[in-house]
Amino acid sequence: MSGDGRELGEAQREHWQRTYGSHPGMYGQEPSLPARHAAGVFREAGAVDVLELGAGHGRDALYFAREGFTVRALDFSAIGLEQLRADADHQGVGGRVTTAVHDVRDPLPLADASVDAVFAHMLLCMALSTEEIHAVAGEVRRVLRPGGVFVYTVRHTGDAHYASGEALGDDIYEHDGFAVHFFSRGLVDALAEGWTLNEVHAFEEGELPRRLWRVTQSLAREARMTTTPTPPAGLTVDGTGLLCVTLLLRLRKVIDGAEAGTVVHVIATDPAAPLDLPAWCHMTGHDYLGPVPGEQPVYALRLSADARPTRPDRPWHRAGD
């Protein structure tokens, strides 16, 4: 990503932080119409685990949870996710929702083939370059299981705001502090290469009104890659009953001084583990190998010789931070 692009992304993060802080629950509690549609698509596909990108304060993530899905909600606004978690507890679905602060310009903190469905309402048409949008779609493809479904919505070049406001290049225009990448049909088709493009549905939403496409695309059900058995453990960390914060303290202590290449199996019952463990491996440079088949919730990682050190008392921070 260019320096100018990174600066724009950080400016947008700050703008959304202020917006969520000033207007808690700004989109209300009712799910969006695309989310209602997506729930039916996901259910028909047999999905259980749903990843939402750009979840914001969570009206759609909470709807998916109420509909019985297990939801992993990512957003680059910590304030929005705080509101999401509070509402999840209030609605009695906190056990089915995990959250993580994440910028989609970075690789997704999930293992390969680890979710059944992905939903992104207006996320791809934020201040992302065309190259970054393709990278996000590639990451979505990586984390989806065979037969997985991706439903996303974007504002398109037929929208009234297209080619107006401050032009930032690459079909990105800024209005009232919000930067939007307006999609051409060619970009939609390019993102669907290697997928089955099930539907491109035009609809309108909100004031103006905004003009959007709701895109549904899916992967073939046959395996996309040859899978290999999880290597046996050289070390095992028992985190039964531990929150991920405490689990990482124990994990760091166990692996201290262990040889590079050692495979570590981590028993983790915290519902946040499927997000937190791959995110920690991504931060440190260790190789996350994914869940280990079996009755217990076990996750595997391989220690890297080039791993970045973390603080002994706060292993979720790099040393020196």
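Residues numbered from 1 in each chain as written. Predicted model: local features only at pLDDT ≥ 70, side-chain atom pairs only at ≥ 80, totals over all residues. Heavy atoms only, no water.

## As for helix α8 (residues 273-284)
Its 12 residues give α8 an end-to-end C-alpha distance of 16 Å, which sits within 8% of 16 Å, the value for a rise of 1.5 Å per residue. Counting buried positions along α8 yields nine of 12 residues, so the element is predominantly enclosed. For α8, every residue scored as buried is listed here: A273, P274, L275, L277, P278, W280, C281, M283 and T284. Lining the buried residues of α8 we find β2 (70-75), β3 (97-101), α7 (244-255), β12 (263-268), β13 (287-292) and β14 (298-302). (Helix = DSSP H or I, 4+ residues; strand = E, 2+ residues; numbered from the N terminus. Expected span 1.5 Å × (residues − 1). Buried < 20%, exposed > 50% of the residue type's maximum accessible area, 1.4 Å probe, protein only. Contact = heavy atoms within 4.5 Å.)

## Some thoughts on the pairing of strand β1 (residues 49-53)
A regular strand places its side chains so that they alternate between the two faces of the sheet. Counting buried positions along β1 yields five of five residues, so the element is predominantly enclosed. Burial along β1 is two-sided: D49, L51 and L53 facing one way and V50 and E52 facing the other are all buried. Bridge count between β1 and β2: five bridges; the pairing is parallel. In the strand pairing of β2, V50 is matched with V71. Handedness of the β-α-β unit built from β1, helix α3 (residues 59-66) and β2 comes out right-handed. (Pairing = 2+ DSSP bridges. Right-handed = clockwise from strand over helix to strand, strands pointing away.)

## Digging into the environment of P293
Within the secondary structure, P293 sits in the loop between β13 and β14. The exposure class assigned to P293 is exposed, which follows from its relative accessible area of 72%. Remark: the alpha-carbon pair of P293 and T230, spanning 63 residues in sequence, is separated by 8.3 Å.

## Examining the sheet that holds strand β5 (residues 144-155)
If you walk across this open sheet you meet the seven strands as β3-β2-β1-β4-β5-β10-β9, and the pairing is mixed. With one partner strand each, in any of the chains shown, β3 and β9 (196-205) form the two edges of the open sheet. Across this sheet, the average inter-strand angle for adjacent strands is 15°, counted without regard to direction. The strands that helix α2 (residues 33-44) touches are β1, β4 (115-121), β5, β9 and β10 (210-218); relative to β4, the one it contacts most, it runs at about 165°. Helix α5 (residues 130-143) contacts β1, β4 and β5 of the sheet and is inclined by roughly 150° relative to β5. (Axes fitted to C-alpha atoms, helices over the stretch in contact; angles between N-to-C directions.)

## Digging into unusual backbone geometry
Put simply, L208 and P209 share a cis peptide bond, and its omega is 0°. Mapped onto the elements, P209 comes out in the loop between β9 and β10. Within the chain, M122 stands out as a residue other than glycine whose phi angle is a positive 70°. When you line up the elements, M122 lands in the loop between β4 and α5. Its identity is not glycine, yet D170 carries a phi of approximately 60°, on the positive side.

## Some details on the pattern of salt bridges
Counted according to the given criterion, the structure contains 14 salt bridges. Where R43 meets E67, a salt bridge forms, and the shortest distance between an N and an O atom there is 2.8 Å. Of this pair, R43 sits in helix α2 while E67 sits in the loop between α3 and β2, and the two are 24 residues apart along the sequence. With a relative accessible area of 42%, R43 lands in the partly exposed category. Take E67: its relative accessible area is 36%, and that puts it in the partly exposed class. The salt bridge involving R145 is made with D116; its shortest N-O contact spans 2.7 Å. On the criterion of sequence distance, the pair formed by R145 in strand β5 and D116 in strand β4 is long-range, its members being 29 residues apart. You can call D116 buried: its relative accessible area is 16%. Bridged by salt links that share partners, the residues D49, D116 and R145 form one connected network. (Salt bridge = Lys/Arg side-chain N within 4 Å of Asp/Glu carboxyl O.)

## Describing the sheet that holds strand β8 (residues 178-181)
Pairing within the open sheet is antiparallel, and its three strands lie in the order β6-β7-β8. This sheet does not close on itself; its edge strands, each paired only once, are β6 (166-169) and β8. Strand-to-strand twist in this sheet, taken as the mean axis angle between neighbours without regard to direction, amounts to 30°. As defined by bridge partners, β6 adjoins strand β7 (residues 172-175) across three bridges and the pair is classed as antiparallel. Of the residues in β7, the one forming a bridge with E166 is E174.

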